[in-house]
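An overview of the molecular structure
Listed below, chain by chain, are the residues.
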Amino acid sequence: QVQLVESGGGLVQPGGSLRLSCAASGIDRVIDTMAWYRQAPGKERELVAQRTLGRVTNYADSVKGRFTISREGTKNTVYLQMNSLKPEDTAVYYCNAKILYDRWRSYWGQGTQVTISS
């Protein structure tokens, strides 16, 4: 059974930093694409950052220059370093994994709360 477990969320002041981690288990191959999404109250879930196995990264415009997605080689673990945090970054952050079997399959973590407030 595929499981994605996020950690690292919390409450920080504006301008602060957080590092989110996501570890996948129950997968018998290297994950093709790992990503972070977020969902704020009353808003749709949006892509924050993603990284392919080929190290291609993609960021939402709102986080470019502040957030960095990284992955340890072919390990099924992904990180999101978040710097210069703003109140509008407050959301539940979800880890996502996309794997190509006979077709693309997508898996989600349970989410971790990030709150930016003074």
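See the structure printed just above.
Report on the accompanying structure. (Residues numbered from 1 in each chain as written. Predicted model: local features only at pLDDT ≥ 70, side-chain atom pairs only at ≥ 80, totals over all residues. Heavy atoms only, no water.)

Brief notes about the sheet that holds strand E1 (residues 3–7)
The strand order E1-E3-E8-E7 describes an open sheet built from four strands, whose pairing is antiparallel. With one partner strand each, in any of the chains shown, E1 and strand E7 (67–71) form the two edges of the open sheet. Recorded for the sheet is a direction-independent mean angle of 15° between the axes of neighbouring strands. Inspection of the sheet shows strand E3 (residues 18–25) paired to strand E8 (residues 77–82) by six bridges, in the antiparallel sense. Across the sheet, residue Arg19 finds its bridge partner in E8, namely Gln81. (Pairing = 2+ DSSP bridges. Helix = DSSP H or I, 4+ residues; strand = E, 2+ residues; numbered from the N terminus. Axes fitted to C-alpha atoms, helices over the stretch in contact; angles between N-to-C directions.)

Remarks on the pairing of E1
Regular strands have side chains that alternate between both faces of the sheet. Every second residue of E1 is oriented toward a common face, the buried set being Leu4 and Glu6 and the non-buried set Gln3, Val5 and Ser7. Inspection of the sheet shows E1 paired to E3 by five bridges, in the antiparallel sense. For Glu6, the partnering residue across the bridge sits in E3 and is Cys22. (Buried < 20%, exposed > 50% of the residue type's maximum accessible area, 1.4 Å probe, protein only.)

Notes on the state of the cysteines
Here, the word disulfide means a covalent bond between the sulfur atoms of two cysteines. Scanning the entire structure with this criterion turns up one disulfide. Disulfide pairing places Cys22 opposite Cys95 at an S-S distance of 2.1 Å. Residues Cys22 and Cys95 are joined by a disulfide whose S-S torsion is about -80°; by sign, that bridge is left-handed. With Cys22 in strand E3 and Cys95 in strand E9 (residues 91–100), this residue pair connects regions lying 73 residues apart in the sequence. Cys95 shares its class with Cys22; the two are buried. (Disulfide = S-S within 2.5 Å.)

Quick notes on the pairing of strand E11 (residues 112–116)
Alternating residues of E11 divide into Thr112, Val114 and Ile116, all buried, and Gln113 and Thr115, none buried. Direction of pairing for strand E2 (residues 10–12) relative to E11: parallel, over a ladder of three bridges. Residue Leu11 lies in a different strand from E11, and its bridge partner there is Thr115. In this sheet, E11 lies alongside E9 in antiparallel orientation, the contact comprising three bridges. When the sheet's bridge partners are listed, Val92 is paired in E11 with Gln113.

Regarding the pattern of salt bridges
As enumerated under the stated definition, the model contains seven salt bridges in all. Where Lys64 meets Asp61, a salt bridge forms, and the shortest distance between an N and an O atom there is 3.1 Å. Two residues, Arg66 and Asp89, come together in a salt bridge whose shortest N-O distance is 2.8 Å. In this pair, Arg66 sits in the loop between strand E6 (57–59) and E7 while Asp89 sits in the loop between E8 and E9, placing the two residues 23 residues apart along the sequence. Bridged by salt links that share partners, the residues Arg38, Glu46, Arg66 and Asp89 form one connected network. (Salt bridge = Lys/Arg side-chain N within 4 Å of Asp/Glu carboxyl O.)

Some remarks on the packing of aromatic side chains
Applying the stated criterion across every chain, the model contains one aromatic pair. Seen from their ring centres, Tyr37 and Trp108 are 4.9 Å apart, and the 65° between their planes marks the pair as edge-to-face. Residue Tyr37 is found in strand E4 (residues 33–39), and its partner Trp108 is found in strand E10 (residues 104–108); the two are separated by 71 residues along the sequence. Using a relative accessible area of 16% as the deciding quantity, one classes Tyr37 as buried. Arg19 extends its terminal NZ or CZ atom over the ring of Tyr79, reaching a point 4.0 Å from the ring centre. The ring of Trp108 carries the charged tip of Arg45 above its face, separated from the ring centre by 4.6 Å. (Phe/Tyr/Trp six-rings, centres within 6.5 Å; stacked < 30°, edge-to-face > 60°. Lys NZ or Arg CZ within 6 Å of the ring centre and 35° of its normal.)

Nothing here speaks to function; it is geometry throughout.
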